[in-house]
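# Observations on the model geometry
These are the residues of each chain, in order.
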Amino acid sequence: MAHATSAIRNLSQNAGDPVTLSLTVEGMTCASCVSHVEKAIAAIPSVENVSVNLATERANVTLAGPTEPEALVQAVRGAGYAVREVDGELIVKGMTCASCVGHVEKAILGVPGIVRANVNLATERASFRYLDGLASLEAIESAIREAGYEPKRIETHAGSEDRERAANEREFASLRLALIVAVLLALPVFVLEMGSHLVPSFHHLIHSTIGRQASWVIQFVLTTAVLFGPGLRFFRKGIPAILRGTPDMNSLVTVGTGAAWAYSVVATFAPSLLPAGTVNVYFEAAAVIVALILLGRFLEAKAKGRTSEAIKRLVRLQPRTARVVRDGETVEVPIADVLAGDTVVVRPGEKIPVDGEVTEGNSYVDESMITGEPVPVEKREGASVVGGTINKSGSFSFRATGVGSETMLSQIIRMVEQAQGAKLPIQAMVDKVTAWFVPAVMFVAALTFVIWLIFGPDPALSFALVNAVAVLIIACPCAMGLATPTSIMVGTGRAAELGVLFRKGEALQALRSVEIVALDKTGTLTIGRPVLTDLETALGFDSDEVLSLVAAVEAHSEHPIAEAILTAAKERGLQIPPTDNFEASPGFGIKADVGGRTVHVGADRYMAKLGIDFGPLGVDAWRLGSEGKTPLYAAVDGHLAAIIAVADPIRETTPAAIDALHSLGLKVAMITGDNRATAEAVARQLGIDEVVAEVLPEGKVEALKSLRKDGRAAAFVGDGINDAPALAEADVGIAIGTGTDVAIETADVVLMSGDLRGVVNAIALSRATIRNIKENLFWAFAYNAALIPVAAGVLYPATGVLLSPVFAAGAMALSSVFVLSNALRLKRFKSVMDLTSGPALSATGARPHMPVHAPLKV
């Protein structure tokens, strides 16, 4: 939701009462380090005693007086070491609006040693970072309780999801029961009072039967049951919040309904205390307001449950049990009991429980949840498998390599949760407004009461009360608090379903402002490995025969080009004959005898050196070079046999992705270490706008800076270790999910499928989410800006229109439901590019290359 706020507070104690702290110090390696840390801390005037333990990495400090935690931290850092910072997270129950978020954040930040805090209303999570030893979870929990909310620790062991779901269901059921009771009790009150006002015959019926006083007593009984039954939750939260000086939405409801009820009680049982002409009851307002606000809460809870469906679906992907080989027998164990190194057995149709490497058997696995590709991938011995994917056909065994929180699925869930709980820069404005909003509303309500009491028509007291209550009820800032986090939750959840993981929530906002997308070439635009793309034979030679001979010679080389030629021969099912007299001419080519025939393979200069005329295929050589391919010549028994082209082919989905980026109004650049001729050839094929070639990894950072020199925000897309600096430098770093761990850890966004079309979807979804947030914020603020004056009665002098507290409660509930419903529209976001329409990944994770062209020249 908003910025991370630094807040390291004073450590204080009673005079003469020393305090002992235990800090975790990182970086100590020897006794000398211990001495340095002790001297640095002891130099602080208020430190009475310090003892540093190298084995435990703890510094026990006794303070004789008030001390700034920052002084301790700076002393340790000044000595060349660091105080360990710990990330923590708690569930916080009882928050209902943006003011609650501010109160909880303020409470957490008030704990000594807290570095930053971030509270999310939609997820009911508080995440924070604190200095280990200066703060603790217990202290943070205590601060949250003192603020009037209930913290709960997040369980991570097996079954915690079920318990959390059960707790949420109980809370939802309680809210539903409260709503039903409130409606059943409030309905007779509404009929008795409003029926008398709206239907004259009904008014006469009441007076002629039970009488007005009996009607008011009945209303009093029913309304009291509503307020102190289903509505008691508002008083339990609202009154302590007022006493603490931190009023929230519950406080507004409490004051509004309490005032209407109290006034009505006096009018019913002690009417002589009120001025003449002001003896009226507003029981129906108090009762119906509680019912309507509970309805709004109920609808909010229902909609909020739907915002986290993406996480729930991800959690459900993991099976509950696994079959593991223990002591020579296959036994079924809970998923939490699977250990790294265990041999796991998977049968057809089952979900793979954890990550691992196939050790026996083979099968086809549906990995669409990870890659987005619909075609199952073949798995043989040595292939990696991912927990949560589905085994389609054969049985196999694999060795568990990633279990528990280390599985890819768990990491994906963790990334999505972190993104959903993030605060975007756009939320900073909301935080500033809501910090003073509720107190300001209470002031406006009080001012409204005073103005109507002094200047209002008779009965002035009644008008003053009704309008002040209407202001209190209409202004509840629920919609403001939900506007941003619900959109983030739904947007990042939908992104995960499309194979786009936002590792950092801030990237969700930054990505929409990107003007240029810079791409690495190898492994990003291309498949990342050389393949044989062309084989043009000379007159009298057969393509299969030539490829078989060339592959036999290249079998002695470890060059990637040789591997590409051998792979192509095997894919054609060709036999690789044995060779004799292999020779290599560095810088020129290689030669060997194959089945009694002498075969030479190399560059044009090699052919020239051998005196072989390669002119007949010169046109083909020029064409292949202009396409960014590397041409090689093959000669058999001194005669030119063929020209061969090897290249790192462009992914089949890349051209469409580049076109789509252009259609979004973005410029596309390529930054690569390849030679300029090859890079420009690829750029021409794809329509790339700018090319920066022949750069080293550190040069990619400088190239990126030059692309941003005009103030353009830039995203960088890469997959290799050498791309990590550029991914960190970019406004938004986007890593190809099939790339290296270093690249993925450095990036802000990860594309699970390794497909550039995911970049298009990520940018489009970012724009849609931020647009959705702005819509929510506009309506949340516009609603309050427009209706608070109406509730205060500004239209009355000109039009005689007043806003009933009952309608104010209904409008307030509807504003929250509108914001949630608008956020849920993001669930229907359609991917700009369908990732399931392209070719499937092979078992190696690379896309199939273009077919080898081998026409027979006659």
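In this text the structure is predicted, and so the values were computed from the model without any measurement.

What counts, and where the lines are drawn
Residues take numbers from 1 onward in each chain, read along the sequence in its written order. Local features in a predicted model are, by the rule used here, given only for residues with pLDDT of at least 70; side-chain atom pairs are given and counted only at 80 or more, and totals for whole chains, interfaces and linings are based on all residues. Note that the side-chain values use all heavy atoms of the structure and ignore hydrogens as well as water. By definition, any uninterrupted DSSP run of H or I lasting at least four residues is a helix, any uninterrupted run of E lasting at least two residues is a strand, and each is numbered from the N terminus. Per-residue accessibility, obtained with a 1.4 Å probe over protein chains only, is compared with the maximum for each type, and a residue is labelled buried under 20%, exposed over 50%, and partly exposed between these values. Contact criterion: two residues are considered in contact whenever any of their non-hydrogen atoms come within 4.5 Å of each other. Accessible surface is estimated by sampling points in the Shrake-Rupley manner with a 1.4 Å probe; for residues, cover comes only from the protein chains shown. Basic side-chain nitrogens of Lys or Arg form a salt bridge, by our definition, when they fall within 4 Å of a carboxyl oxygen of Asp or Glu. Here a strand pair is declared whenever DSSP counts at least two bridges between the two strands. Axes here refer to lines fitted to C-alpha atoms; in helices the fit is confined to the stretch in contact. Angles between the N-to-C directions go from 0 to 180 degrees. A pair of aromatic rings is counted whenever rings of Phe, Tyr or Trp (Trp by its six-membered ring) have centres within 6.5 Å, and the orientation is called stacked for planes under 30 degrees apart, edge-to-face for over 60 and tilted otherwise. UniProt positions are given in the numbering used here, feature names are shortened, and annotations may be inferred rather than shown by experiment. In these notes, a set of buried Ala, Val, Leu, Ile, Met, Phe, Trp, Tyr and Cys residues joined through side-chain atoms within 4.5 Å is what counts as a nonpolar core. How sure the predictor is of each residue is captured by pLDDT, a score from 0 to 100. Should an angle fall under 35 degrees it is taken as roughly parallel, and over 145 as roughly antiparallel, whereas 65 to 115 is taken as roughly perpendicular and any remaining angle as oblique. Left-handed describes a crossing in which the near helix is turned anticlockwise from the far one by less than a right angle; the clockwise case is right-handed. The span one expects for a helix is its residue count, reduced by one, times 1.5 Å. Taking the helix axis as origin, the arc is that swept by the directions to the C-beta atoms.

## Remarks on the overall build of the chain
A count of helical and extended segments in the chain gives 30 helices and 30 strands. For the chain, with 858 residues in total, the buried portion stands at 53%. A separation threshold of at least 6 residues defines the contact pool for the chain, and within that pool the share at least 24 residues apart is 70%. Summed over all atoms, the accessible surface of the chain reaches about 36200 Å², with 58% contributed by carbon and sulfur.

## Side note on the pattern of salt bridges
Within this structure, the stated rule accounts for 25 salt bridges. Note that Arg825 is salt-bridged to Glu775, the shortest N-O span being 3.0 Å. Separated by 50 residues along the polypeptide, Arg825 in the segment after helix H30 (805–824) and Glu775 in helix H28 (residues 757–792) bring together distant segments of the chain. Assessed through its relative accessible area of 26%, Glu775 is described here as partly exposed. It is possible to trace a salt-bridge network through shared partners that takes in Arg77, Glu85, Asp87 and Arg129.

## What about the sheet that holds strand E16 (residues 390–391)?
Whenever strands of a sheet pair, they do so through backbone hydrogen bonds, lying parallel or antiparallel. Overall, antiparallel pairing links the 3 strands, which are arranged E14-E13-E16 in an open sheet. Because the sheet does not close on itself, it has two edges, and the strands there are strand E14 (377–379) and E16. The pairing of strand E13 (residues 363–366) with E16 spans 2 bridges and is antiparallel. Across the sheet, the residue bridging to Asp366 is Ile390, located in E16.

## Some points on the pairing of strand E12 (residues 355–361)
The pairing of E12 with strand E17 (residues 396–402) spans 6 bridges and is antiparallel. Across the sheet, residue Gly361 finds its bridge partner in E17, namely Phe396. Relative to strand E15 (residues 384–385), E12 is paired through 2 bridges, and the arrangement is antiparallel. In the sheet register, Glu357 faces E15, and the bridge partner there is Ser384.

## What about the sheet that holds strand E30 (residues 749–751)?
Ordered by their spatial adjacency, 7 strands build an open sheet running E18-E30-E29-E28-E19-E26-E27, and the pairing between neighbours is mixed. The sheet is open, and its two edges are formed by strand E18 (500–502) and strand E27 (690–692), each paired on a single side. Between one strand and the next, the sheet's axes are offset by a mean angle of 20°, whatever the strand orientation. Summarising the sheet, strand E19 (residues 516–520) and strand E26 (residues 667–671) pair through 5 bridges and their orientation is parallel. Paired with Val517 across the strands is Val668, a residue of E26.

## Side note on the packing of aromatic side chains
One pass over the full model with this rule turns up 12 aromatic pairs. With centroids separated by 6.2 Å and ring planes inclined at 45°, the aromatic side chains of Phe396 and Phe398 adopt a geometry described as tilted. One exposure class covers both Phe396 and Phe398, and it is buried. Here the aromatic rings of Trp452 and Tyr796 are separated by 5.3 Å at their centres, their planes lie at 65°, and the arrangement is edge-to-face. Residue Trp452 is found in helix H14 (residues 427–455), and its partner Tyr796 is found in helix H29 (residues 796–799); the two are separated by 344 residues along the sequence. Classification of Tyr796 by relative accessible area gives partly exposed; the value is 26%. One aromatic cluster is present, formed by Phe220, Phe228, Phe235, Trp261, Phe269 and Phe283 through successive ring pairs.

## Digging into unusual backbone geometry
Across residues other than glycine, the phi torsion is negative in most instances, and most of the peptide bonds are trans. Between Asp458 and the following residue, Pro459, the backbone shows a cis peptide bond with an omega angle of -5°. Positive phi outside glycine occurs at Asn581, with the angle close to 55°. Inspection of the secondary structure assignment puts Asn581 in strand E21 (residues 579–585). The backbone of Asp637 shows a phi angle near 55°, a positive value even though the residue is not glycine. Structurally, Asp637 can be placed in the loop between strand E24 (630–636) and strand E25 (639–647).

## A few points about the pairing of E17
When you tally the buried positions in E17, you get 5 out of 7 residues, the bulk of the element. Inspection of the sheet shows strand E11 (residues 343–346) paired to E17 by 4 bridges, in the antiparallel sense. Looking at the pairing, Val345 lines up with Ser397 of E17.

## Comments concerning the UniProt feature "transmembrane region" (unreviewed entry) in the chain
Under the local residue numbering, the UniProt record ascribes the feature "transmembrane region" (unreviewed entry) to residues 173–194, 214–232, 252–274, 280–299, 433–455, 461–484, 777–796 and 802–824. End C-alpha atoms of residues 777–796 are separated by 28 Å, and the span's content is 85% helix alongside 0% strand. Across residues 802–824 one finds 87% helix and 0% strand; the C-alpha atoms that close the span lie 33 Å apart.

## Description of the nonpolar core
Within the largest apolar cluster, 137 residues are counted, with the highest numbers of intra-cluster contacts made by Met95, Ile108, Ile140, Leu511, Val517, Ile734 and Val759. Residue contributions to this core peak at 16 residues, all from H28. Residues within four places of Ile108 in sequence aside, it is in contact with Ile114, Ala117, Val119, Ala126, Phe128, Ile140 and Ile144.

## As for the confidence of the model for the chain
Across the chain, the average pLDDT comes to 79, with 83% of residues at or above 70. Every residue in residues 1–10 scores below 50 in pLDDT, and together they form 49 contacts with partners more than four places removed in sequence or on other chains. Low pLDDT, under 50, characterises residues 836–858; the stretch is placed with 67 contacts to residues that sit more than four places away or in other chains.

## Some words on the packing of helix H19 (residues 543–554) against helix H20 (residues 560–571)
Running from amino to carboxyl end, H19 crosses H20 at an angle of 135°, the nearest separation of the two axes being 9 Å. For the element pair H19 / H20, the angle class is oblique. Two packed elements cross with a definite hand, and for H19 against H20 that hand is left-handed. Contacts from Leu547, Val550, Ala551 and Glu554 of H19 reach H20 at Ala562, Ile565, Leu566, Ala568 and Ala569.

## Examining helix H7 (residues 212–227)
Between the first and last C-alpha of H7 there are 22 Å, a value that for 16 residues agrees with the 22 Å anticipated at 1.5 Å per step. Restricting attention to buried positions, one finds in H7 the residues Ser215, Trp216, Gln219, Leu222, Thr223, Thr224, Val226 and Leu227.

## Observations concerning the environment of Glu360
Within the secondary structure layout, Glu360 lies in strand E12. Along the backbone, Glu360 and Phe396 are 36 residues apart, and their C-alpha atoms lie at a distance of 5.6 Å. Apart from the residues within four sequence positions on either side, Glu360 is in contact with Phe396 and Ser397.

## Focus on helix H22 (residues 618–626)
Those residues of H22 lying buried are Asp620, Ala621 and Leu624. Each buried residue of H22 sits inside an arc of 100° when the element is viewed along its axis, so together they form one side. Across from the buried face of H22, at angles greater than 90 degrees, the exposed residues are Val619 and Trp622. Along its buried surface, H22 packs onto strand E20 (531–537), E24 and E25.

## Re the environment of Leu465
Relative to the elements of secondary structure, Leu465 occurs in helix H15 (residues 460–474). Since its relative accessible area comes to 8%, Leu465 is described here as buried. In this structure, the C-alpha to C-alpha distance between Leu465 and Thr448, residues 17 residues apart in sequence, is 8.8 Å. Leave out the neighbours within four places in its chain, and Leu465 touches Ala259, Ala260, Tyr263, Tyr282 and Phe449.

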